[in-house]
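Here are the chains, one letter per residue:
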Amino acid sequence: MSENVGITISNHFLLNQQLTHGATGSFTRLLQAMVLACKIIQRDVGKAGLVDVLGRVGVTNVQGEEVQKLDELANTTVKRRLSASGEVCALVSEEEADIIEIPRQYPQGNYIVHFDPLDGSSNIAANVSIGTIFSIYRRLSPSEGESTMKDALQPGARQVGAGYIIYGSSCVLVFSTGQGVNGFTLDPSIGEFLLSHPNIKTPAKGKIYSVNEGNYSFWDEGTRGYIDWVKHGHSEHGINYTSRYIGSLVADFHRNLLYGGIFLYPADFKDPLKPKGKLRLMCEANPLAYIIEQAGGLATTGTERILDVEPNYIHQRVPLIIGSPEDVMIYQDFVQGKRTYRRA
Ligand code: P6P
């Protein structure tokens, strides 16, 4: 076990910062603001059943999804805390149509953060684990005035940090700044995130596949072939996959990151308005792709590395297939026609 297990996240930041030559402390202050936002959201999520924060506020967000009260609280909390850090020049929320300007009373920083304030919120009333996802970029031209759309639309490979918080049986923060992946568990008795999962590496191959099979008839032939192979053909080798699907991205991703396996949200033809699938590139696919690659895994659209996708819209959707490298590569072979399977 790493001798650092149990250190606070603040100490971890300081240790990391000392290793980053020329570190000014700006990035650390940004991360600390994100940590504070997550502690506040955890408090609100934790009492959702007690205080009237459940239920809907009767509006729909830019994604056309019904906004739940906790969504609004989480969105406001992240905006407020990151703006007040003085380290951001723009924010992009899954809940808001346009880039969020930083209030004038705060200094303009050099970072842009894309975030999904409360992913999986349709599961709130059922007490299923939900999460916050964030993705950090440095602005392209720090010295030149207002940030621009170009600052906000950088490919995922240019991220300087990414992470998620899962509000489940315990509150776990997993993030990377490019030197591997570390997980911290909140000790509510002292209000501190403590290092619990040092240097996470995902298994090369897993036995779990995670996908909403209700969309089967709307998938492309390659995806259908892969799922048929996983369910039927793979057992010829005597090893069966297990299906695990929670319907909350952060929970499904976190389990597969630790245990191994593959998560798929492929493109489907169910909703003509979402021909590329349901998940968003900038605030879901890119941050998780950054983390999985830092943990030794892969993330693809089926034909392209997620982190190489050139964004053209802040709420762009992409197919997301992510997880253990051997599993993702087999999927790519099916989608690219290099492998086929037909059930006998
Ligand atoms: P489906 C939750 O609404 C979410 O955005 C992700 O958290 C989750 O992975 C996905 O949608 C589930 O979508 O279509 O399977 O219900």
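Report on the accompanying structure. In this text the structure is predicted, and so the values were computed from the model without any measurement.

1. Some remarks on the overall build of the protein chain
Within the protein chain one finds eight helices and 14 strands. Its C-alpha atoms give the protein chain principal-axis dimensions of about 65 × 45 × 45 Å. Evaluated residue by residue, the protein chain yields a buried proportion of 53% over its 344 residues. For the protein chain, long-range pairs separated by at least 24 residues make up 63% of all intrachain contacts whose partners lie at least 6 apart in sequence. Looking at the protein chain as shown, the accessible area adds up to about 15000 Å², and 50% of this sits on carbon and sulfur atoms.

2. Comments concerning the packing of aromatic side chains
On inspection of all chains with the given rule, the structure shows 12 aromatic pairs. On the basis of an interplanar angle of 20° and a centroid distance of 5.8 Å, the ring pair of F175 and F184 is categorised as stacked. The class of F184 is buried, set by a relative accessible area of 0%. Counting every residue linked through ring pairs, the aromatic cluster contains Y209, Y226, W229, Y241, Y331 and F334. A cation over an aromatic ring shows up here: R339 above the ring of W229, its NZ or CZ 4.9 Å from the ring centre.

3. Some points on the pairing of strand β6 (residues 161–167)
Most of β6 is tucked away: seven of the seven residues are buried. Of the two faces of β6, the one holding G161, G163, I165 and Y167 and the one holding A162, Y164 and I166 are both buried throughout. With seven bridges joining them, strand β5 (residues 130–138) and β6 adopt antiparallel strand pairing. Bridge pairing in β6 places I136 opposite G161. For β6 and strand β7 (residues 171–176), the ladder comprises six bridges, and the chain directions are antiparallel.

Thresholds, definitions, all that
- Residues numbered from 1 in each chain as written.
- Predicted model: local features only at pLDDT ≥ 70, side-chain atom pairs only at ≥ 80, totals over all residues.
- Heavy atoms only, no water.
- Helix = DSSP H or I, 4+ residues; strand = E, 2+ residues; numbered from the N terminus.
- Buried < 20%, exposed > 50% of the residue type's maximum accessible area, 1.4 Å probe, protein only.
- Contact = heavy atoms within 4.5 Å.
- Areas by Shrake-Rupley, 256 points an atom, 1.4 Å probe, with all protein chains shown as cover.
- Phe/Tyr/Trp six-rings, centres within 6.5 Å; stacked < 30°, edge-to-face > 60°.
- Lys NZ or Arg CZ within 6 Å of the ring centre and 35° of its normal.
- Pairing = 2+ DSSP bridges.

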